[in-house]
Amino acid sequence: MTAQLGEPDNLVLQARDVRFDWSAVPLHWIPRDPVATHLVNVLHMLLPAGEEWFVRVFKEAVPLVRDDRLREDVLGFIGQEAMHAASHDGVLDHFVDQGLDVRPFVRQAEFFFETMLGDRGLTGDRRRAWLNERISLIAAIEHFTGVLGDWILNAEALDRAGADPMMLDLLRWHGAEEVEHRHVAHELFMHLDGRYPVRVRAMAETITMLTSLWQRGHRYLMAADPIVQGRVKGGVRHMRRTGAQGLTPSGRMVGASIGRYLRRDYSPLNEGSTEQALAYLASSPAAQAALR
């Protein structure tokens, strides 16, 4: 967890129309380490469907928001998440071009978010309860994306390992925006529901969901990788090594963040620093190109 460097007043969340050129990015963008590369690459397979789901749920919630500032933040969150989904879609196309066919797993992710967690055609109180349930899940997921955003902004081990700069810029631009809007989902949940037992249940469900998806996703990537050809079996157990090396988040770091989330006085603003995130966005090649 990064110490707070300050929280700017009157920050307006906005989508940045970034562009990335994947043509020169190698399949194993962390050199000589396909295991660590694919532990991060699971994100690319989950985020397009997941963040499009965030957008649909938050659009459904907008008419229920009674606070003008929160409504503005929710709309900014929607714009940023839509751009994140589109940007990670480009990475998936690049993987396919390199002989790593991620489409079967991506279809499973789409089914999970669109069908299992999608609109069930409910009405009245049942529709509102299902909306609140999904917002509680998004708040828990967004805790992790904020923690991961803070981690990637400070993951100097990736630079020392020679990680591809284009991929690092995507991850750090995305991570910076996750830190920038890390408070929104939690505040929306507190505005519409706010019950502590619901928050705890959502975190337990989220841990189970993300662990399962990461395990299956990494095993899929290691088996489908045309260079590795299944010689190394994937799985989250590899994070013991990659986390210790600083190439991925460590289990200890993630576990400590869960403990903070479960505190009754939890605030997402205690995770990471908006000032640091904005400083990166002011220097990110992709974010700055969007301004020209």
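Let us look at the structure shown here. Predicted model, so just to flag it, every value in this text is computed and none were measured.

## Some words on the environment of Leu188
Its place among the elements puts Leu188 in helix 7 (residues 184–192). The sequence separation of Leu188 and Arg71 amounts to 117 residues, and the corresponding C-alpha distance is 8.8 Å. The residues touching Leu188, leaving out its near neighbours within four places in the chain, are Phe58, Ala61, Val65, Leu70, Val74 and Ile135.

## Some points on the packing of helix 1 (residues 34–61) against helix 8 (residues 196–224)
As a packed pair, helix 1 and helix 8 sit with axes 9 Å apart at the nearest point and diverge in direction by 120°. Relative to helix 8, the element helix 1 is oriented oblique. Note that helix 1 runs across helix 8; the crossing there is right-handed. Seen from helix 1, the contacting residues are Pro34, Val35, His38, Leu39, Asn41, Val42, Leu43, Met45 and Leu46; seen from helix 8, they are Leu213, Trp214, Gly217, His218, Tyr220, Leu221 and Met222. The residue inventory of the contact of helix 1 with helix 8, partitioned by class, reads 12 nonpolar, 4 polar and no charged.

## Focus: helix 10 (residues 251–261)
All of the buried residues along helix 10 are Ser257, Ile258 and Tyr261. Looking down the long axis of helix 10, one finds its buried residues gathered within 105° of arc, a one-sided arrangement.

## Some points on the packing of aromatic side chains
Applying the stated criterion across every chain, the model contains 9 aromatic pairs. Ring centres of Trp53 and Phe54 lie 5.7 Å apart, and the angle between their planes is 50°; on these two criteria the pair is classed as tilted. Looking at Trp53, the relative accessible area reads 1%, which means it is buried. In this structure Phe54 comes out as buried when scored by relative accessible area, which is 4%. Through a chain of ring-to-ring contacts, the aromatic side chains of Trp53, Phe54, Phe58, Phe77, Phe112 and Phe113 assemble into a single cluster. The ring of Tyr261 carries the charged tip of Arg199 above its face, separated from the ring centre by 5.3 Å. Here Arg264 stacks its cationic end above the ring of Tyr196, 4.1 Å away from the centre of that ring.

## Things to note about the nonpolar core
Core analysis: the largest hydrophobic core is formed by 91 residues, its most contacted members being Trp53, Phe58, Leu158 and Leu188. It is helix 1 that provides the largest number of residues to this core, a total of 16 residues.

## Here we look at a negative patch on the surface
Taken together, the side chains of Glu52, Asp89, Asp93, Asp97, Glu110 and Glu114 present a region of like negative charge at the surface. Residue assignment for the negative patch shows that the elements contributing at least two residues are helix 2 (68–97) and helix 3 (103–116). Examined against the element boundaries, Asp97 turns out to sit in helix 2. Judged by relative accessible area, Asp97 falls into the exposed class, the value being 68%.

Criteria and thresholds
Residues numbered from 1 in each chain as written. Predicted model: local features only at pLDDT ≥ 70, side-chain atom pairs only at ≥ 80, totals over all residues. Heavy atoms only, no water. Helix = DSSP H or I, 4+ residues; strand = E, 2+ residues; numbered from the N terminus. Contact = heavy atoms within 4.5 Å. Axes fitted to C-alpha atoms, helices over the stretch in contact; angles between N-to-C directions. Parallel < 35°, antiparallel > 145°, perpendicular 65-115°, else oblique. Left-handed = near helix turned anticlockwise from the far one by under 90°. Nonpolar A, V, L, I, M, F, W, Y, C, P; charged D, E, K, R; others polar. Buried < 20%, exposed > 50% of the residue type's maximum accessible area, 1.4 Å probe, protein only. Arc of directions from axis to C-beta. Phe/Tyr/Trp six-rings, centres within 6.5 Å; stacked < 30°, edge-to-face > 60°. Lys NZ or Arg CZ within 6 Å of the ring centre and 35° of its normal. Core = buried A, V, L, I, M, F, W, Y, C linked by side-chain atoms within 4.5 Å. Patch = residues over 30% accessible without salt bridge, like charges linked within 9 Å, V, L, I, M, F, W, Y side chains within 5 Å. Areas by Shrake-Rupley, 256 points an atom, 1.4 Å probe, with all protein chains shown as cover. Salt bridge = Lys/Arg side-chain N within 4 Å of Asp/Glu carboxyl O. Lys, Arg positive; Asp, Glu negative; His and termini not counted. Charge placed at Lys NZ, Arg CZ, Asp CG, Glu CD.

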